[in-house]
Protein chains: 2
Amino acid sequence: MFEQLGLIGCGLMGGSFALALKEAGLVRQVVGYSKSERTRERALALGAIDICAETLEQAVEGSDLVLLAVPVAATESSLAAIAPVLAPRALLMDVGSTKCDVVAAARRALGERLSRFVPAHPIAGKESAGIEHADVALYHERQLILTPLPETHPPLVALAAELWSLLGSQVLQMSPERHDAAYASVSHLPHLLAFAAMNAILGQPQADEWLALAGPGFRDFSRIAASDPSVWRDILLANREQVLAQSRHLRAALDTLEATMQAGDASALQALITQASQARAGWRLGGSTPSPSEADPA
Amino acid sequence: MFEQLGLIGCGLMGGSFALALKEAGLVRQVVGYSKSERTRERALALGAIDICAETLEQAVEGSDLVLLAVPVAATESSLAAIAPVLAPRALLMDVGSTKCDVVAAARRALGERLSRFVPAHPIAGKESAGIEHADVALYHERQLILTPLPETHPPLVALAAELWSLLGSQVLQMSPERHDAAYASVSHLPHLLAFAAMNAILGQPQADEWLALAGPGFRDFSRIAASDPSVWRDILLANREQVLAQSRHLRAALDTLEATMQAGDASALQALITQASQARAGWRLGGSTPSPSEADPA
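Residue numbers run consecutively from 1 along every chain, following the written order of its sequence. All chains are assigned letters beginning at A, and all ligands numbers beginning at 1, according to the order in which they are written. Local features are withheld for residues below a pLDDT of 70 in this predicted model, meaning they are given only at 70 or higher, and side-chain atom pairs are given and counted only at 80 or more; totals for whole chains, interfaces and linings count all residues. To get the side-chain values, take all heavy atoms of the structure and skip hydrogens and water.

**Observations regarding the sheet that holds strand β7 (residues 120-122) of chain A**
Residues and elements named next belong to chain A. In space, the three strands of this open sheet follow the order β7-β8-β9, with mixed pairing throughout. Each end of this open sheet is capped by a strand with a single partner; those strands are β7 and β9 (170-173). Across this sheet, the average inter-strand angle for adjacent strands is 20°, counted without regard to direction. Any two strands are treated as partners once DSSP identifies two or more bridges connecting them. For the purposes of this entry, the term helix denotes a DSSP run of H or I that reaches at least four residues, the term strand denotes a run of E that reaches at least two, and both are numbered from the N terminus. Helix axes use the C-alpha atoms of the stretch in contact, all axes being lines fitted to C-alpha atoms, and the angles between their N-to-C directions lie in the range 0 to 180 degrees.

Right, dumping it as structure tokens:
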């Protein structure tokens, strides 16, 4: 399917993509670049990449597929470096967790290569980052969101969708704005809350004792608080308006619950918990897709 | 070890206790009472109990071990009904998630049988309640907190500790006040936040679409939102002052994070996330116990 993948960023996301692409027999060779020489060499040793590039340009030149898998904050400078050396027929994708900022950066940086860019966000990850945790099955049975621009060459969107489908992902397509609003609510705010919950405990003198007593509910609730700080710094800043808007909704819902506690209104409190409990009990991971009327035309 | 367990409440917690006690060979027979006839009969059919009691008193009479496993709000009326028929040498325990209110109820209800009561809280559970989900291994490798009163007959505390240890639990002892403060921070507030997070999403018109796009991070973060509404109504009301105090700490930690986002202060935001991330990455379930200097004398 592809002659050469140019992989920019050889961490968890990029390394897992390269491993999956190779296992599926979809690429002849992978040239990988990472700012960190150690990461590049680990990626080579793990078989995620076949050739270590010394520069970003080396990885892009001659590649018919380029995946940008760097922290969101490094996206624009990376795209600017890619643009002059990207082959005219190449497919360029990213894996960023926010999309409006990536699209804006692409508009500023890619020039006439803008039409080759298909922004992508795999709904997959681990709280442990790094090439050491790369996993050939990371994208298997996970959702993958494409947010093409009006300028994107349409056959490239179809090619990107086919590629991710062959890796086992369920491919959806929507606008960057809808993407960022959705993930502010179901991913970015939950991360912010998990960070805040940990910090709230750590700020009290009994923190060590309390954490030693925490059980399985805390384990699952707080798992995402262990996420990579630089990745999440970038996501929370890139999507800050939407995240802050979701935080206001959360605080209002919390106010409502707490008012029933303050008032000792057991039946109102139970009704609010029942609403949450029934919705969560009926939810399934990747269990449904937006209905056609809600989704953008693909 | 025991001749007869009188089980008051045959749901997930009580049913799992009876199954574990029988499997460990620690009891000759189990007499079970549940307000719901259907629950009693399911418990009998599943082998959790040997005899269905028609009344609470029937289950208590002649039992040398009584476990109260009813919703926290039903504790006081149940204790008042148990008191007149409890054998003078019996061990009485509960499994409630809050302890100050249980101890206060016991003081009001138990009279001269107060010395037989050892309040207990197993740090175990599932988001799915009911005898159908009873699990012989529910208490295995889980913490179990005892919060005896000054009036509790000391040998009963040792007996309770031995019993739970034989079921595979790690037994800790502390005051009801310390227990309720700890679990407000690492259990009750996380549940309240998970309920609020679900309700905040459900209150927005895009709820269905957003929930359909949610990934593994949301799955784990929100799992406890599916918890039993009546159980959690009672817990949040019983421990409301501590939970509201923890919510104030959470809101302050959230304010601090959001202020760095508003200011676009990437390094301050990263430092706050790093604090949370490192603490959570280093945390292990049941991995440590309060140091002797922090724990009450056992």
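And the narrative resumes.
**Focus on the interface of chain B and chain A**
A common way to express how large an interface is: the accessible area buried when the components associate. Pairs of residues are marked as contacts when any of their non-hydrogen atoms sit within 4.5 Å. Counting residues at the interface gives 87 residues for chain B, matched by 87 residues for chain A. Across the chain B to chain A interface the summed buried area is about 8,200 Å²; carbon plus sulfur atoms make up 67%. The working definition used for a salt bridge is a side-chain nitrogen of Lys or Arg within 4 Å of a carboxyl oxygen of Asp or Glu. Remark: the boundary between chain B and chain A carries eight salt bridges. For Asp255(B), the salt bridge identified is with Arg251(A), shortest N-O distance 2.8 Å. Polar contact is defined as a pair of N or O atoms within 3.5 Å, subject to the rule that within protein one atom must be able to donate a hydrogen and the other to accept it, and that residues adjacent in sequence are counted only when both atoms are side-chain atoms. In this assembly, chain B and chain A are joined by 42 residue pairs in polar contact (both at pLDDT 80 or more). Throughout, buried area stands for the accessible area (probe radius 1.4 Å) lost by two parts on being put together, summed over both.

**Some thoughts on the domain arrangement of chain A**
Residue and element names in this part refer to chain A. Annotation comment: domain bounds sourced from an automatic or database domain assignment. Domain annotation for chain A reports domain 1 (2-174) and domain 2 (179-281). Contacts between the two partners involve 16 residues from domain 1 and, on the opposite side, twelve residues from domain 2. Counting each side, the surface lost to burial between domain 1 and domain 2 is near 1,200 Å², with a carbon and sulfur contribution of 64%. The tally of links between domain 1 and domain 2 comes to zero salt bridges. Counting across the domain 1 and domain 2 interface gives four residue pairs in polar contact (both at pLDDT 80 or more).

**Comments concerning the pattern of salt bridges**
Within this structure, the stated rule accounts for 30 salt bridges over all chains. Its salt-bridge partner being Arg42(A), residue Glu132(A) comes within 3.5 Å of it at the nearest N-O pair. Linking Glu132(A) in the loop between β7 and β8 (143-146) with Arg42(A) in helix α2 (residues 37-45), this pair joins segments that are 90 residues apart in sequence. Ionic pairing is found between Arg40(B) and Glu54(B), a salt bridge with its closest N-O pair at 3.6 Å. In this pair, Arg40(B) is assigned in helix α2 (residues 37-45) and Glu54(B) in the loop between β3 (51-52) and α3 (56-60), connecting sequence segments 14 residues apart. When accessible area is computed with a 1.4 Å probe and restricted to protein chains, residues below 20% of their type maximum are described as buried, those above 50% as exposed, and intermediate ones as partly exposed. Classification of Glu54(B) as exposed rests on a relative accessible area of 55%. One connected set of salt bridges, linked through shared partners, spans Arg38(A), Arg42(A) and Glu132(A).

**Considering the environment of Asp94(A)**
Residue and element names in this part refer to chain A. As for its position among the elements, aspartate 94 is in strand β5 (residues 91-94). Separated by 80 residues in the primary sequence, aspartate 94 and glycine 14 have C-alpha atoms spaced 9.4 Å apart. Polar side-chain contacts of aspartate 94 include one of 3.0 Å to the side chain of lysine 99. Within the structure, aspartate 94 has its side chain in polar contact with the backbone nitrogen of alanine 120 (distance 2.9 Å).

**A short note on the packing of aromatic side chains**
The aromatic pairing rule takes the rings of Phe, Tyr and Trp, using the six-membered ring of Trp, and pairs them if the centres are within 6.5 Å, calling planes under 30 degrees apart stacked, those over 60 edge-to-face and the rest tilted. By the definition in use, this model includes seven aromatic pairs over all chains. Taking the centre distance of 5.2 Å and the plane angle of 70° together, the rings of Phe218(A) and Trp283(B) count as edge-to-face. Placement of the pair is Phe218(A) in helix α9 (residues 216-222) and Trp283(B) in the segment after α12 (266-281), with the two residues belonging to separate chains. The two residues Phe218(A) and Trp283(B) agree in class, both being buried. Ring-pair connections join several aromatic residues into one group, and the members of that group are Phe17(A), Tyr139(A) and Trp164(A).

**Focus: the side chain of Asn199(B)**
With respect to the helices, strands and loops of the structure, Asn199(B) is situated in helix α7 (residues 176-202). With a relative accessible area of 9%, Asn199(B) lands in the buried category. Side-chain polar atoms of Asn199(B) contact the backbone oxygen of Leu272(A), separated by 3.0 Å. Non-local contacts of Asn199(B), meaning those with residues more than four positions away in its chain, are made with Ala253(A), Leu272(A), Gln275(A) and Ala276(A).

**Describing the sheet that holds strand β4 (residues 65-68) of chain A**
Residue and element names in this part refer to chain A. Across the sheet, which stays open at both edges, the six strands sit in the order β3-β2-β1-β4-β5-β6 with parallel pairing between neighbours. Taken across any chain shown, the strands that pair with only one partner, and hence form the sheet edges, are β3 (51-52) and β6 (117-118). The sheet contact formed by β4 and β5 spans four bridges and is parallel. When the sheet's bridge partners are listed, leucine 65 is paired in β5 with leucine 91. Where helix α1 (residues 12-23) meets the sheet, it contacts β1 (2-8), β2 (27-33), β4 and β5, and its direction lies at approximately 165° from that of β1.

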